[in-house]
Amino acid sequence: MRTPRAVRRLSFVPLFALAACGPSEPVTPETPALTAQEAALTELIINGTFSSGTVAPWWNNASTQSYVESGRWRVDVAANTANPWDAIVGQSGLTLTAGQTYTLAFTATASASITARATVQQEVAPYTSTLTQSFTLDGTSRRFSFPFTSSFSSGQGQVTFQLGGRANAVTVRLDDISLTTESGTGSGPVAMTSGFYVDPNSNPAVWARNNSGDGRASRINASIASKPMARWFGNWNTNISQDVSNFVAAADAADKLPVLVAYNIPGRDCGSHSGGGAGSADAYRAWIATFAAAIGNRPAVVIVEPDGVAQLDCLPNDTERATRLSLIRYASEQLRDRAPNTWTYLDGGNASWIPADTMAQRLESAGVRNVRGFSLNVSNFHPTAQSTTYGNAVNAALNSRYGYTRQYVIDTSRNGNGSNGEWCNPAGRKLGAPSQTGGGAEMLLWVKTPGDSDGQCGIAPGTPAGQFSPDLATRLIDGI
């Protein structure tokens, strides 16, 4: 493990309402005090407070007029603009580094209720964007904060606020705009390591090693086993403390970033192919506390309970749904407190499952504000672009209801050909982009192990869930 730089910790706001499936009333979050680490962050924006009395070096186009009014940036937006970018203001000449984590933050209000858009992008064609975030404004001043990891390196980056796309004129006021980053490449566990960990004992690696005479072994090793992927932990681990610690320690010794999946929620998979999990709520609390403590101060990424939030509807009553959410929230607290150099993502289903606004409410109740963010498309097949659209919609709902957003990661292990609507060992799927930072989300990860069965179904009717199949693996390599 590299010497840790200052790691930003998220402030915890207690949750009392456990909205499960239905809508809930918006909650106004507490504004955390600025920590010493945050105060020491590198600021890229010039004149973000407008204390000089001028707007320079901020620029505007013909559909916007801007000046400083009462210490804030006032932007008058003309009527009858067709697209968001037809009324745009921004600042250019920013230096961005691929893989480095940034936070765009600002305070804003508007004379009418509008939906605006903030971007961090390249200032030259094709204007590649590494952050595109919608947000809503009205007469109430709000603070917005959007973390992201840059997908490119450039000395020609820019921040824009896109305010067009409406028939009526509007006045927007902006203040305290900042684009901050920690020193060095990346931050948190990304900065503490030199790439993702390749597990030498993954199911495909073990199979290839034990079947070297099989003609498929070299292809499986080259295309799958040699790639970084997650290790799943559940009730099959007889000593969860030792197993987690050994896995993280091996990655730490190699200066690599391990990805772990905590998969032990009671009633796991609603009793379907991957059914099981801890025997009680108390047993789960003890298990996840041990899991988090076994990681300790070492760098890691953790995906918490795939399908656990999305499958609330299969639980029989509100009491059990509230218990499920409270257990995932407990997991978020344990990982936050016991594994300070871990980025944790609560599972957020996939792009065709739960409406984004409903998912945002569930994630809030499950404690997503305690951790780095949420994960999408775990063990599914939806294209990265579709998952990104959904992730942005979840963030828009989090922002609208609760005033914050979170990073998200996407499982790309099997989404190379997209989805055909089936989820259990469907034919014709293909390996997706290998694990990496950026790529439309904070990270693209191989969370599901390619070649591991989803259950006794589809093109592997005789292969139990979690068991490796070389036939499934080679089909994913070939896309058949």
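Here the residue numbers are simple positions, counted from 1 along each chain's written sequence. Where local features are concerned, this predicted model is filtered to residues with pLDDT of at least 70; where side-chain atom pairs are given and counted, the filter is 80 or more; whole-chain, interface and lining totals use all residues. No hydrogens and no water enter the side-chain calculation; it runs on all heavy atoms of the structure.

Attention now moves to the pattern of salt bridges. Salt bridges, as used here, are contacts in which a Lys or Arg side-chain nitrogen is within 4 Å of a carboxyl oxygen on Asp or Glu. Here the structure, examined in full by the defined rule, presents 17 salt bridges. Note that Arg336 is salt-bridged to Asp337, the shortest N-O span being 2.7 Å. Working definition: with a 1.4 Å probe on protein chains only, accessible area under 20% of the residue-type maximum means buried, over 50% means exposed, and in between means partly exposed. On the basis of relative accessibility, which here comes to 12%, the residue Arg336 falls in the buried class. Two residues, Asp357 and Arg401, come together in a salt bridge whose shortest N-O distance is 2.9 Å. Of this pair, Asp357 sits in helix H8 (residues 356–366) while Arg401 is found in helix H9 (residues 384–402), placing the two residues 44 residues apart along the sequence. We count a stretch as a helix when DSSP gives it H or I for four or more residues in a row; a strand needs E for two or more, and each element gets its number in order from the N terminus.

This part is about the domain arrangement of the protein. Domain boundaries shown here were taken from an automatic or database domain assignment. Split by domain assignment, the protein resolves into domain 1 (41–182) and domain 2 (189–478). The C-alpha centroid of domain 2 is placed 34 Å from the C-alpha centroid of domain 1. Carbon and sulfur atoms make up 43% of the surface buried where domain 1 meets domain 2, a total of about 980 Å² over both sides. Of all residues in domain 1, Gln133, Pro147 and Thr149 bury the most surface against domain 2, accounting for 38% of the area lost on that side. What counts as buried area is the accessible surface, traced by a 1.4 Å probe, that two parts surrender upon association, with contributions from both included.

We now examine the packing of H8 against H9. Any two packed helices are characterised by the angle at which their axes cross and by the distance between the axes. In the contact formed by H8 and H9, the axes pass within 8 Å of each other and the chain directions differ by 60 degrees. Classed by the angle they form, the pair H8 and H9 counts as oblique. In this structure, the crossing between H8 and H9 has a hand that is right-handed. Taken together, the residues of H9 that come into contact with H8 (itself represented by Ala356, Asp357, Met359, Ala360, Gln361, Leu363 and Glu364) are Tyr390, Ala393, Val394, Ala397, Leu398, Arg401 and Tyr402. Gly counts as polar in this scheme, as do all residues outside two lists: the nonpolar Ala, Val, Leu, Ile, Met, Phe, Trp, Tyr, Cys and Pro, and the charged Asp, Glu, Lys and Arg. Of the residues that constitute the contact of H8 with H9, the class distribution is 10 nonpolar, one polar and three charged. Every angle, taken between N-to-C directions, lies between 0 and 180 degrees, and every axis is a line fitted to C-alpha atoms, over only the stretch in contact when it is a helix. If an angle is under 35 degrees, it is roughly parallel; if it is over 145, roughly antiparallel; if it lies from 65 to 115, roughly perpendicular; otherwise it is oblique. The crossing is said to be left-handed when, going from far helix to near helix, the turn is anticlockwise and less than a right angle, and right-handed when the turn is clockwise. Contact definition: two residues touch when any of their heavy atoms are within 4.5 Å.

For the rest of this paragraph, the subject is the UniProt feature "domain: CBM-cenC" (unreviewed entry) in the protein. Residues annotated in UniProt with the feature "domain: CBM-cenC" (unreviewed entry) correspond here to residues 43–164. A distance of 28 Å separates the end C-alpha atoms of residues 43–164, which is 0% helix and 57% strand. UniProt positions are given in the numbering used here, feature names are shortened, and annotations may be inferred rather than shown by experiment.

What follows covers empty space enclosed by the protein. Gaps left between atoms are located by rolling a probe of water-molecule size over the structure's atoms. Every definition here rests on a 1 Å grid over the protein atoms only: cavities are sets of points where a 1.4 Å probe fits but cannot get out, pockets are open sets enclosed by protein on both sides within 12 Å along at least five of seven lines, and lining residues have some atom within 4 Å of a point. Grid points are joined across faces, edges and corners, and a volume is the space filled by probe spheres set on the points. A complete count under the given rule lists two cavities of 30 Å³ or more for this structure. In this structure, the largest cavity occupies an estimated 110 Å³ of space. Forming the walls of the largest cavity are 13 residues, and the residues nearest its centre are Arg414, Pro426, Ile459, Leu472 and Leu476. Here the lining of the largest cavity is built from residues that sort into six nonpolar, three polar and four charged. The volume enclosed by the second largest cavity comes to roughly 30 Å³. Forming the boundary of the second largest cavity are Thr136, Arg142, Phe144, Asn399 and Ser400. Its residues placed into classes, the lining of the second largest cavity shows one nonpolar, three polar and one charged.

Taken together, the six bridges between strand E3 (residues 64–69) and strand E4 (residues 72–77) define a ladder with antiparallel strand orientation. Residue pairing across strands places Tyr67 opposite Arg74, the latter belonging to E4. Should DSSP find at least two bridges between two strands, the strands are regarded as paired. Counted between consecutive antiparallel strands, the loop separating E3 from E4 contains two residues, among which Ser70 sits at a positive phi close to 55 degrees.

Of the volumes computed, that of the second largest pocket is approximately 900 Å³. In this structure, the second largest pocket is lined by 39 residues; those nearest its centre are Trp232, Tyr263, Ser274, Ser379 and Lys448. Among the residues forming the lining of the second largest pocket, the class breakdown is 10 nonpolar, 19 polar and 10 charged.

Attention now goes to the state of the cysteines. Disulfides are defined as pairs of cysteine sulfur atoms found within 2.5 Å of each other. Overall, the coordinates contain two disulfides when judged by the stated rule. Note on cysteine connectivity: Cys270 is disulfide-linked to Cys314, with sulfurs 1.7 Å apart. One quick way to see it: the torsion about the S-S bond of Cys270 and Cys314 is about -80 degrees, and its sign makes the bridge left-handed. Of the two residues, Cys270 is situated in the loop between strand E13 (259–262) and helix H6 (281–295) and Cys314 in the loop between strand E14 (300–304) and helix H7 (318–338); the sequence distance between them amounts to 44 residues. Classification of Cys314 as partly exposed rests on a relative accessible area of 39%. Note on cysteine connectivity: Cys424 is disulfide-linked to Cys457, with sulfurs 1.7 Å apart. The S-S bond linking Cys424 to Cys457 shows a torsion near -60 degrees; that makes this disulfide left-handed. Of this pair, Cys424 sits in the loop between strand E17 (407–411) and strand E18 (436–437) while Cys457 sits in the loop between strand E19 (443–445) and helix H10 (470–478), and the two are 33 residues apart along the sequence. The same class applies to Cys424 and to Cys457, which are both buried.

To continue, consider H6. Helix span is expected to be 1.5 Å times the residue number reduced by one. With 15 residues, H6 should reach 21 Å at 1.5 Å per residue; the first-to-last C-alpha distance of 22 Å fits that figure. The complete set of buried residues in H6 reads Tyr284, Trp287, Ile288, Ala289, Phe291, Ala292, Ala294 and Ile295. If you follow the buried residues of H6, they end up packed against strand E12 (231–233), helix H5 (240–253), E13, E14, H7 and strand E15 (342–347). Of the residues trailing H6, Gly296 is marked for its positive phi of about 65 degrees.

Two pairing modes exist for strands in a sheet, parallel and antiparallel, and in both the strands are linked by backbone hydrogen bonds. Reading across from one edge, E12-E13-E14-E15-E16-E17-E19-E18 is the order of the eight strands in this open sheet, with mixed pairing throughout. Only two strands of the sheet have a single neighbouring strand rather than two, namely E12 and E18. Along the sheet, H6 contacts E12, E13, E14 and E15; its crossing angle with E13, the most-contacted strand, is approximately 170 degrees.

Only the six-membered ring of Trp is used, alongside the rings of Phe and Tyr, when aromatic pairs are assigned; centres must lie within 6.5 Å, and planes under 30 degrees apart are stacked while those over 60 apart are edge-to-face, with the rest tilted. Evaluated as defined, the whole model comprises 21 aromatic pairs. A centroid spacing of 5.4 Å and a plane angle of 40 degrees characterise the contact between Phe50 and Trp73, whose relative ring orientation is tilted. Pair noted here: Phe50 is in the loop between strand E1 (42–43) and strand E2 (59–60) and Trp73 is in strand E4, with a separation of 23 residues, a long-range link. Each of the two residues, Phe50 as well as Trp73, counts as buried. Both rings, one in Phe374 and one in Tyr408, keep their centres 5.5 Å apart while their planes meet at 25 degrees; by these two values the pair is stacked.

Looking now at the sheet that holds strand E10 (residues 154–162). The strand order E2-E5-E10-E7-E8 describes an open sheet built from five strands, whose pairing is antiparallel. What marks the edges here is a single partner per strand, and that holds for E2 and strand E8 (129–137).

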